[in-house]
Amino acid sequence: MSERYARQVLFYGIGKEGQKTLMEKTVVLIGCGALGCTSANLLVRSGIKCLKIIDRDYIEESNLQRQSLFDEEDIKQNLPKAVAAQKKLQKTNSLIRVESFVADLNPSNIETLLQDAHLIVDGTDNFETRFLINDYCVKNSTPWIYGACIGSTGLTMNIIPSKTPCFRCMLEHVPPFGTTGTCDTEGIIAPIASLIASIQAAEALKILTNKYDDVSKGLLKIDLWRNEIKRMFAEDIIDIADCLACRQHHYEFLKKDVCSMTTTLCGRNAIQLLPLNGSKLDLTKLATRLEKVGKISYNSFLIRLKIDKYELAVFPDGRSIISGTNDVATAKGLYAKYIGM
Ligand SMILES: [Zn+2]
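The rules behind the values
- Residues numbered from 1 in each chain as written.
- Predicted model: local features only at pLDDT ≥ 70, side-chain atom pairs only at ≥ 80, totals over all residues.
- Heavy atoms only, no water.
- Axes fitted to C-alpha atoms, helices over the stretch in contact; angles between N-to-C directions.
- Helix = DSSP H or I, 4+ residues; strand = E, 2+ residues; numbered from the N terminus.
- Left-handed = near helix turned anticlockwise from the far one by under 90°.
- Contact = heavy atoms within 4.5 Å.
- Buried < 20%, exposed > 50% of the residue type's maximum accessible area, 1.4 Å probe, protein only.
- Core = buried A, V, L, I, M, F, W, Y, C linked by side-chain atoms within 4.5 Å.
- Donors = N, O, S within 2.8 Å, 3.2 Å for Na, K, Ca; no water.
- Arc of directions from axis to C-beta.

(A) Up close: the packing of helix α3 (residues 34–46) against helix α10 (residues 190–208). Packing of α3 against α10 leaves a shortest axis separation of 8 Å and a crossing angle of 35 degrees. Here α3 and α10 pass one another in a crossing that is right-handed. Facing Ala-34, Leu-35, Thr-38, Ser-39, Leu-42, Leu-43 and Ser-46 of α3, the residues of α10 in contact are Ala-193, Ser-194, Ile-196, Ala-197, Ser-198, Gln-200, Ala-201, Ala-204 and Leu-205.

(B) Representation of the environment of Thr-284 in the model. Among the structural elements, Thr-284 can be located in helix α12 (residues 283–290). For Thr-284, a relative accessible area of 47% translates into the label partly exposed. Thr-284 sits 14 residues away from Ala-270 along the chain, and the two C-alpha atoms are 24 Å apart.

(C) Spatial organisation of the nonpolar core. Ranked by size, the top nonpolar core spans 34 residues in total, and within it Leu-105, Leu-114, Ile-120, Tyr-146 and Phe-167 carry the most contacts. Looking at this core, the elements that each hand over two or more residues are β1 (26–30), α6 (110–114), α7 (127–140), β5 (144–150), β6 (153–159), α8 (167–171) and α11 (252–255). Residues within four places of Ile-120 in sequence aside, it is in contact with Val-28, Ile-30, Leu-114, Ile-133, Tyr-136, Cys-137, Thr-142, Pro-143, Trp-144 and Ile-145.

(D) Here's a closer look at the coordination of the zinc ion. For the zinc ion, the protein coordination sphere consists of Cys-166 (SG), Cys-169 (SG), Cys-243 (SG) and Cys-246 (SG), at 2.2 to 2.3 Å. When the donors of the zinc ion are listed by position in the chain, the intervening gaps give C-x2-C-x73-C-x2-C. Given a relative accessible area of 1%, Cys-243 falls into the buried group.

(E) Looking closely at helix α2 (residues 15–22). Every buried residue of α2 is accounted for by Gly-15, Gly-18, Gln-19, Thr-21 and Leu-22. Along α2, the residues classed as buried sweep out an arc of 160 degrees about the axis, all on the same side. Exposed and facing more than 90 degrees away from the buried side of α2 are Lys-16 and Glu-17. Buried positions along α2 lie against α1 (6–10), α3 and α10.

(F) How the structure looks around unusual backbone geometry. With a phi angle near 70 degrees, Ser-162 is a residue other than glycine that sits in the positive phi range. Positionally, Ser-162 belongs in the loop between β6 and α8. Judged by relative accessible area, which is 81%, Ser-162 ranks as exposed. In this model, Asn-210 sits at a positive phi of 60 degrees, which is unusual for a non-glycine residue.

The values are spatial; any link to function lies outside them.
Structural data, given as structure tokens:
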């Protein structure tokens, strides 16, 4: 075994056996923002077999305050978050496999993207994706680790199907976190994201090495500014008799025939549009066409086009993020005008 993991092997909770087990595991990280950057870094260094990073966005200047895998050069190169993270992490540990997927996780691609995951780590910023992850994980008995932060407050909980309450069980008793604001309206300090992601990574080590007795059970809430730590134990999150996901096995988020065409991006003043036909765009051709209408920059991952106060980012799968508006109609109008429906 590599000297690289010597200190971790020395630790009583891991040992040689634990490390061997860890090295056979594939983790999928969904969302590579503030939480995802930190948990990905810790997991890659721990020596899992493979980390798959799924993220739909590209890097912006306001991300650098807390998203620890990115730097100014990544912004200059217009890199999507998943690609920039993959490049950094693969250099950090060449013994493992790091893969990137610039994609929006939705019912039509979730089976393919998550099929070989032993564990899923939540780095997303929205409830729709979390309910989708929960449905998939309960259905396939895959553990996942919820994480969320805003301001100076963070939440995390392990969801281990058939062993703990699921995400939907919990939300029957806890008001949806974050529904009253976003990172854009409330702000966020980096230490809370770093802390919650570190807890997620520690829990991941326990789950991946099958140390279920040591796994934290229940919801943990920490506020770093008010110095509060609260815990809601799994026993107190009463399994409601009619939980649609884990009791009735009704997976409504997986069953949506077609994913929502539009998504308002949390804290971004932006709308994501997803073409229904999943077409492949020739970015070079499109760039030539768009050069005539506005200021563009592009690489093999995306094109960015500035028109007045708006900016369109277009990906090869036809997906687009339109910044500068929260109005779906305006976003659709811009997409139809410049990209074509
Ligand atoms: Zn449930």
